[in-house]
Amino acid sequence: MNKQLLVLFTFILTYFISHAQPASFQSMGIGGGGAMFALSINPNDSDEYYASCDMGELFHTTDFGLSYSQNNHLQFRGGHNSKVEFTATPGLIYSISYKDDLVRPVKSLDHGITWQNLVGDPDPYETTYSIFVDYVNSNRIFIAHYNRVYYSSNGGQTFVTIHNALNSGTGVVVSGALFDGNSMYLGTSDGVLAST
(Lines give C-alpha, C1' and ligand atoms only; values in the text may rest on other atoms or scores of the structure.)
Protein backbone atom coordinates (compact mmCIF):
# COMPACT_ATOMS: atom_id res chain seq x y z
CA MET A 1 0.00 0.00 0.00
CA ASN A 2 2.84 2.46 0.77
CA LYS A 3 4.32 1.76 -2.67
CA GLN A 4 0.98 2.60 -4.32
CA LEU A 5 0.71 5.89 -2.37
CA LEU A 6 4.25 6.82 -3.38
CA VAL A 7 3.48 6.18 -7.07
CA LEU A 8 0.22 8.18 -6.82
CA PHE A 9 1.98 11.06 -5.03
CA THR A 10 4.77 11.10 -7.65
CA PHE A 11 2.20 11.13 -10.48
CA ILE A 12 0.23 14.02 -8.91
CA LEU A 13 3.42 16.01 -8.18
CA THR A 14 4.70 15.50 -11.73
CA TYR A 15 1.36 16.59 -13.17
CA PHE A 16 1.23 19.83 -11.16
CA ILE A 17 4.89 20.71 -11.83
CA SER A 18 4.49 20.22 -15.58
CA HIS A 19 1.37 22.40 -15.68
CA ALA A 20 2.73 25.14 -13.40
CA GLN A 21 5.27 26.39 -15.94
CA PRO A 22 4.20 29.07 -18.44
CA ALA A 23 4.44 28.21 -22.12
CA SER A 24 6.01 31.58 -23.00
CA PHE A 25 6.98 34.94 -21.53
CA GLN A 26 6.07 38.40 -22.78
CA SER A 27 7.89 41.63 -21.91
CA MET A 28 5.54 44.04 -20.17
CA GLY A 29 7.93 47.01 -20.11
CA ILE A 30 10.06 48.66 -17.49
CA GLY A 31 10.89 46.59 -14.43
CA GLY A 32 14.53 46.84 -13.48
CA GLY A 33 14.38 43.99 -10.99
CA GLY A 34 13.80 46.30 -8.04
CA ALA A 35 11.42 48.96 -6.84
CA MET A 36 10.87 52.13 -8.83
CA PHE A 37 11.30 55.53 -7.16
CA ALA A 38 11.54 59.23 -7.87
CA LEU A 39 9.35 59.60 -10.94
CA SER A 40 9.84 63.02 -12.55
CA ILE A 41 7.84 64.36 -15.48
CA ASN A 42 9.15 67.12 -17.72
CA PRO A 43 6.84 70.12 -17.09
CA ASN A 44 7.35 71.22 -20.70
CA ASP A 45 6.68 67.78 -22.28
CA SER A 46 4.44 65.29 -20.48
CA ASP A 47 5.64 62.46 -22.79
CA GLU A 48 9.11 62.69 -21.21
CA TYR A 49 9.88 61.33 -17.78
CA TYR A 50 12.55 59.61 -15.71
CA ALA A 51 12.11 56.85 -13.14
CA SER A 52 14.87 55.59 -10.87
CA CYS A 53 15.32 52.05 -9.58
CA ASP A 54 16.92 50.96 -6.31
CA MET A 55 18.96 48.50 -8.40
CA GLY A 56 20.92 51.43 -9.90
CA GLU A 57 19.13 52.10 -13.17
CA LEU A 58 17.78 55.46 -14.28
CA PHE A 59 15.12 54.88 -16.94
CA HIS A 60 14.15 57.58 -19.44
CA THR A 61 11.25 57.78 -21.87
CA THR A 62 10.24 60.44 -24.38
CA ASP A 63 7.16 58.63 -25.71
CA PHE A 64 5.08 58.31 -22.51
CA GLY A 65 6.49 54.89 -21.66
CA LEU A 66 6.19 53.10 -25.00
CA SER A 67 9.97 52.67 -24.96
CA TYR A 68 12.73 53.35 -22.44
CA SER A 69 16.43 54.01 -22.49
CA GLN A 70 18.74 53.53 -19.56
CA ASN A 71 21.47 55.91 -18.44
CA ASN A 72 25.04 54.62 -18.66
CA HIS A 73 25.87 53.13 -15.24
CA LEU A 74 29.44 54.41 -15.53
CA GLN A 75 28.04 57.96 -15.62
CA PHE A 76 25.11 57.70 -13.21
CA ARG A 77 23.76 55.25 -10.62
CA GLY A 78 20.14 55.60 -9.62
CA GLY A 79 18.65 55.10 -6.17
CA HIS A 80 15.75 56.04 -3.92
CA ASN A 81 16.41 59.79 -4.09
CA SER A 82 17.45 60.08 -7.75
CA LYS A 83 14.59 62.34 -8.83
CA VAL A 84 15.55 64.24 -11.99
CA GLU A 85 15.00 67.99 -11.76
CA PHE A 86 14.17 69.46 -15.18
CA THR A 87 15.02 73.07 -16.07
CA ALA A 88 14.02 75.50 -18.81
CA THR A 89 17.67 75.57 -19.92
CA PRO A 90 17.99 73.18 -22.89
CA GLY A 91 19.86 70.00 -21.93
CA LEU A 92 20.35 70.98 -18.25
CA ILE A 93 19.00 68.56 -15.63
CA TYR A 94 19.96 67.81 -12.02
CA SER A 95 19.63 64.74 -9.83
CA ILE A 96 21.28 62.68 -7.08
CA SER A 97 23.65 59.89 -8.14
CA TYR A 98 24.68 56.85 -6.09
CA LYS A 99 27.82 56.29 -8.18
CA ASP A 100 30.85 54.87 -6.33
CA ASP A 101 28.70 54.43 -3.18
CA LEU A 102 28.59 58.20 -2.69
CA VAL A 103 25.14 59.80 -2.77
CA ARG A 104 25.89 63.18 -4.34
CA PRO A 105 24.12 65.98 -6.21
CA VAL A 106 24.94 65.97 -9.93
CA LYS A 107 24.03 67.79 -13.11
CA SER A 108 24.02 67.03 -16.81
CA LEU A 109 24.45 69.59 -19.57
CA ASP A 110 23.57 67.12 -22.36
CA HIS A 111 20.20 65.82 -21.18
CA GLY A 112 21.58 62.92 -19.14
CA ILE A 113 24.24 61.49 -21.42
CA THR A 114 27.08 62.60 -19.14
CA TRP A 115 26.91 63.70 -15.49
CA GLN A 116 29.20 65.71 -13.24
CA ASN A 117 29.22 66.30 -9.48
CA LEU A 118 28.19 69.73 -8.25
CA VAL A 119 31.57 71.22 -7.35
CA GLY A 120 30.16 73.26 -4.46
CA ASP A 121 28.74 70.24 -2.58
CA PRO A 122 29.41 71.28 1.06
CA ASP A 123 30.41 67.74 2.10
CA PRO A 124 30.99 65.29 -0.78
CA TYR A 125 31.12 62.35 1.67
CA GLU A 126 27.76 63.16 3.27
CA THR A 127 24.64 61.56 1.79
CA THR A 128 22.44 63.97 -0.16
CA TYR A 129 18.80 63.16 0.55
CA SER A 130 17.04 65.65 -1.70
CA ILE A 131 17.60 68.21 -4.42
CA PHE A 132 15.20 70.88 -5.68
CA VAL A 133 15.92 73.20 -8.60
CA ASP A 134 14.02 76.23 -9.85
CA TYR A 135 12.75 75.24 -13.30
CA VAL A 136 12.84 78.84 -14.60
CA ASN A 137 16.07 79.98 -12.90
CA SER A 138 18.25 76.86 -12.90
CA ASN A 139 20.95 78.59 -10.82
CA ARG A 140 18.73 78.30 -7.72
CA ILE A 141 19.25 74.92 -6.04
CA PHE A 142 18.42 73.46 -2.63
CA ILE A 143 20.04 70.27 -1.34
CA ALA A 144 19.56 68.52 1.99
CA HIS A 145 21.99 66.41 3.94
CA TYR A 146 20.90 64.64 7.14
CA ASN A 147 21.10 67.63 9.50
CA ARG A 148 21.39 70.63 7.14
CA VAL A 149 19.70 72.31 4.21
CA TYR A 150 21.85 74.26 1.74
CA TYR A 151 21.14 76.81 -0.99
CA SER A 152 23.07 77.73 -4.13
CA SER A 153 22.35 80.78 -6.27
CA ASN A 154 25.02 79.95 -8.85
CA GLY A 155 24.14 76.50 -10.23
CA GLY A 156 25.93 74.51 -7.54
CA GLN A 157 29.30 76.28 -7.70
CA THR A 158 28.93 77.22 -4.01
CA PHE A 159 26.36 76.51 -1.29
CA VAL A 160 25.45 78.24 1.97
CA THR A 161 23.74 76.66 4.97
CA ILE A 162 20.19 77.98 5.33
CA HIS A 163 18.88 75.63 8.03
CA ASN A 164 20.19 73.27 10.71
CA ALA A 165 17.91 70.51 11.98
CA LEU A 166 16.02 71.50 15.12
CA ASN A 167 16.67 68.00 16.46
CA SER A 168 19.98 66.60 15.22
CA GLY A 169 18.90 63.09 16.25
CA THR A 170 16.05 63.01 13.77
CA GLY A 171 17.61 65.18 11.06
CA VAL A 172 15.59 67.32 8.68
CA VAL A 173 13.48 66.02 5.80
CA VAL A 174 12.74 68.34 2.86
CA SER A 175 9.59 67.14 1.13
CA GLY A 176 9.14 69.80 -1.54
CA ALA A 177 9.98 73.24 -2.87
CA LEU A 178 7.96 76.02 -4.44
CA PHE A 179 9.66 78.69 -6.54
CA ASP A 180 7.47 81.73 -7.24
CA GLY A 181 9.48 84.54 -8.79
CA ASN A 182 11.77 85.86 -6.05
CA SER A 183 9.91 83.90 -3.36
CA MET A 184 11.03 80.39 -2.42
CA TYR A 185 9.39 77.96 0.03
CA LEU A 186 10.60 74.62 1.38
CA GLY A 187 8.35 72.14 3.14
CA THR A 188 10.45 70.45 5.85
CA SER A 189 9.97 68.27 8.90
CA ASP A 190 10.92 71.39 10.90
CA GLY A 191 8.20 73.52 9.24
CA VAL A 192 8.01 75.70 6.14
CA LEU A 193 11.15 77.66 5.31
CA ALA A 194 10.49 80.82 3.29
CA SER A 195 12.60 83.39 1.51
CA THR A 196 11.31 86.41 -0.37
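As a reminder, the structure under discussion sits directly above these lines.
Residues numbered from 1 in each chain as written. Predicted model: local features only at pLDDT ≥ 70, side-chain atom pairs only at ≥ 80, totals over all residues. Heavy atoms only, no water.

**A short note on the environment of Gln 157**
Piece 1. Assignment of secondary structure puts Gln 157 in the loop between β11 (148-152) and β12 (160-164).
Piece 2. Under the relative-accessibility criterion, Gln 157 is labelled partly exposed at 44%.
Piece 3. In this structure the C-alpha to C-alpha distance between Gln 157 and Val 173, which are 16 residues apart in sequence, comes to 23 Å.
Piece 4. Contact partners of Gln 157, with chain neighbours within four places excluded, come to Lys 107, Val 119, Gly 120 and Ser 152. (Helix = DSSP H or I, 4+ residues; strand = E, 2+ residues; numbered from the N terminus. Buried < 20%, exposed > 50% of the residue type's maximum accessible area, 1.4 Å probe, protein only. Contact = heavy atoms within 4.5 Å.)

**Points about the sheet that holds strand β9 (residues 130-133)**
Piece 1. Taking strand neighbours across the sheet as the criterion, the four strands line up as β9-β10-β11-β12 in an open arrangement whose pairing is antiparallel. Both outer strands of the open sheet, β9 and β12, are each paired with one neighbouring strand and no more. Averaged over all adjacent pairs, the angle separating strand axes in this sheet is 20°, with direction ignored.
Piece 2. Relative to β11, strand β10 (residues 141-144) runs antiparallel, the two being bridged by four bridges. Across the sheet, Phe 142 pairs through a bridge with Tyr 151, a residue of β11. (Pairing = 2+ DSSP bridges. Axes fitted to C-alpha atoms, helices over the stretch in contact; angles between N-to-C directions.)

**Quick notes on the pattern of salt bridges**
Piece 1. Applying the stated criterion to the full structure yields four salt bridges.
Piece 2. Close ionic contact of Asp 100 with Lys 99 constitutes a salt bridge, the shortest N to O distance being 3.8 Å.
Piece 3. A relative accessible area of 60% means that Asp 100 is categorised as exposed.
Piece 4. By relative accessible area, which is 32% here, Lys 99 ends up partly exposed.
Piece 5. With its nearest N and O atoms 2.6 Å apart, the salt bridge here joins Asp 134 to Arg 140. (Salt bridge = Lys/Arg side-chain N within 4 Å of Asp/Glu carboxyl O.)

**Focus: the packing of aromatic side chains**
Piece 1. Taken as a whole and assessed by the stated rule, the structure comprises eight aromatic pairs.
Piece 2. Between Phe 142 and Tyr 151, the aromatic rings sit 5.0 Å apart at their centres with planes inclined by 40°, giving tilted as the arrangement. For the pair formed by Phe 142 and Tyr 151, the shared burial category is buried.
Piece 3. Cluster of aromatic residues (ring-pair linked, three or more members): Tyr 49, Phe 59, Phe 64 and Tyr 68. (Phe/Tyr/Trp six-rings, centres within 6.5 Å; stacked < 30°, edge-to-face > 60°.)

**A few points about the side chain of Ser 183**
Piece 1. Along the polypeptide, Ser 183 turns up in strand β14 (residues 183-188).
Piece 2. Apart from residues lying up to four places away in sequence, Ser 183 is in contact with Arg 140, Leu 178, Ser 195 and Thr 196.

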